[in-house]
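Notes for the structure review
Residues per chain are reported as follows:
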Amino acid sequence: EYGIVRPKGYTVSYHATPEMEKHHFGQTHPMKPWRLTLTKSLVTAYGMPFAMDNYVTREATYEELNAFHSSDYLDYLSTAAPEDQPRDIENPDKEVKYNLGGSDCPLFHGLYNYCSMSAGCSLDAARKISSNQSDIAIAWGGGLHHAKRYEASGFCYINDIVLAILQLLRTFPRVLYIDIDVHHGDGVEEAFFSTDRVMTVSFHKYHPETFFPGTGALEDNGPKSENNPGAHHAINVPLQDGITDEQYEALFESIIGTINERYRPSAIALQCGADSLAGDRLGRFNLRVQGHGACVRYCKSLGLPMIVFGGGGYTPRNVARAWAYETSIAIGADTRIPETIPDHAPWREHFIHDTLFPTLEQSMNEPRHNRNSDKRLREIVAHVHEQLRFVSH
Ligand code: TV1
Ligand code: CA
Ligand code: ZN
């Protein structure tokens, strides 16, 4: 209908299940699994499924989750019920077992099913890449980068990204992990802290006292000991409120381009958290859908096998726009799809403005003041280039 055709000699797979999207974190919780339904409906309205291999994903097994997570944590996660932990109304954030049951990581009905479907989605994507059956595998239901081996954190219970990268490491010597979520990708960084087989790069808002999780300073580049193979293999790009498309794209291409030359990854794992978009309920940046998508386009241009994950994203209409646009980039249809959201798209009224590319003014009442000076961004690039002088493969 929109001239969407299968790219020749190139396979994109889309991994999702409508079952995952039925779960609820709670009325006021910012994480809305329903945004995945909205994304899929937009992808479908544009006719993109014709150009991809579409897979309904499954729940990951206990053994698969156990490849990263500890058994005692998984046992508790799989059995804990919402009513097990009467919440302390006075102290909603008070210490709880494995950080479960607080306001960020509530225990809700079907939690274990939700977590294992997210992991199943990312693991299926990783297997398609490992077996060379896909060139790009899309897992919008994954990207939960804060989860730790034995602890939930920041809306994340199971680290599907770590599980997927472990799968990639069975066939690829080196994996480059890139994280454009507005939050620091701390769980993935920590999991691969002591290895040079994974380089982690996170772009995020950094303000230790006021912005979650508070880690990811420019100088944090992995173990300090040169004897540790992980030294220099964690890259952090700390940013301030209001960064624009132009600044972000230049920064991204300079940093990722140099990393590609020095580290020479054999595969890419790209976390596309959409909370870095302008107008996000939790985010602070001024990125438009085009600027966010440019990161996906640049990574694709490197010609390496790639998994793209979801992640954060708390204004569902913008999450759906970004991830639908990025799906079109994966299949090479981004120049063919019309900017106007199709008339027949379900929930079309949810988008408020009928365009895929709202302006900053359409995204929020008042664009945020840009607190990133070009001078500071040049210092960041210089520091990263300096780190990469220690890296050669
Ligand atoms: C329930 C109801 C939970 C309303 C949580 C925003 C809520 C937040 C809520 C919220 C909220 C956070 C912290 C404070 C650490 C806590 C998927 C001492 C309006 C990948 C996770 C952010 C981001 C966690 C996840 C953060 C991701 N911000 N309303 N909670 N405590 N938690 O600051 O990276 O996007 O905000
Ligand atoms: Ca990030
Ligand atoms: Zn986030």
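Throughout what follows, the structure given in this document is the object of discussion. (Residues numbered from 1 in each chain as written. Chains lettered and ligands numbered in written order. Predicted model: local features only at pLDDT ≥ 70, side-chain atom pairs only at ≥ 80, totals over all residues. Heavy atoms only, no water.)

Coordination of the calcium ion (ligand 2) by the protein comes from Asp 179 (O), Asp 179 (OD), Asp 181 (O), His 183 (O), Ser 202 (OG) and Phe 203 (O), over a distance range of 2.5 to 3.0 Å. Classification of the site at the calcium ion (ligand 2) as irregular follows from its 6 donor atoms and the range of 69 to 166° in their angles at the metal. Every donor residue of the calcium ion (ligand 2) comes from the same chain, spaced as D-x1-D-x1-H-x18-S-F. Of the two residues, Asp 181 is situated in the loop between strand S4 (175-179) and helix H6 (186-191) and Ser 202 in strand S5 (residues 198-205); the sequence distance between them amounts to 21 residues. As far as the burial class goes, Asp 181 and Ser 202 line up, both buried. (Donors = N, O, S within 2.8 Å, 3.2 Å for Na, K, Ca; no water. Tetrahedral: all angles 85-135°; square planar, octahedral: opposite > 155°, others 65-115°. Helix = DSSP H or I, 4+ residues; strand = E, 2+ residues; numbered from the N terminus. Buried < 20%, exposed > 50% of the residue type's maximum accessible area, 1.4 Å probe, protein only.)

Attention now goes to the coordination of the zinc ion (ligand 3). On the protein side, the zinc ion (ligand 3) has Asp 181 (OD), His 183 (ND1) and Asp 275 (OD) as donor atoms, found 1.9 to 2.0 Å from it. Look at where the donors of the zinc ion (ligand 3) fall in the sequence and you get D-x1-H-x91-D. In this pair, His 183 is assigned in the loop between S4 and H6 and Asp 275 in the loop between strand S7 (267-271) and helix H8 (289-301), connecting sequence segments 92 residues apart. Of the two residues examined, His 183 and Asp 275, each falls in the buried class.

In the neighbourhood of ligand 1, 19 residues make up the surrounding shell, with Asp 104, His 145, His 146, Asp 275 and Tyr 314 lying closest. Between His 183 and ligand 1, the recorded distance is 3.1 Å, taken from a side-chain N or O atom to an oxygen atom. Between an oxygen atom of ligand 1 and a side-chain N or O atom of Asp 275, the distance comes to 3.0 Å. Relative to its unbound accessible surface of 800 Å², ligand 1 loses 68% to contact with the protein. For ligand 1, the cavity whose grid points lie within 2 Å of the majority of its atoms is the largest pocket. (Near = heavy atom within 4 Å. Polar contact = N/O pair within 3.5 Å; in protein donor to acceptor, adjacent residues only side chain to side chain. Areas by Shrake-Rupley, 256 points an atom, 1.4 Å probe, with all protein chains shown as cover. 1 Å grid on protein atoms, 1.4 Å probe; cavity = no way out; pocket = protein on both sides within 12 Å on 5 of 7 lines; lining within 4 Å. Sits in = over half its atoms within 2 Å of the grid points.)

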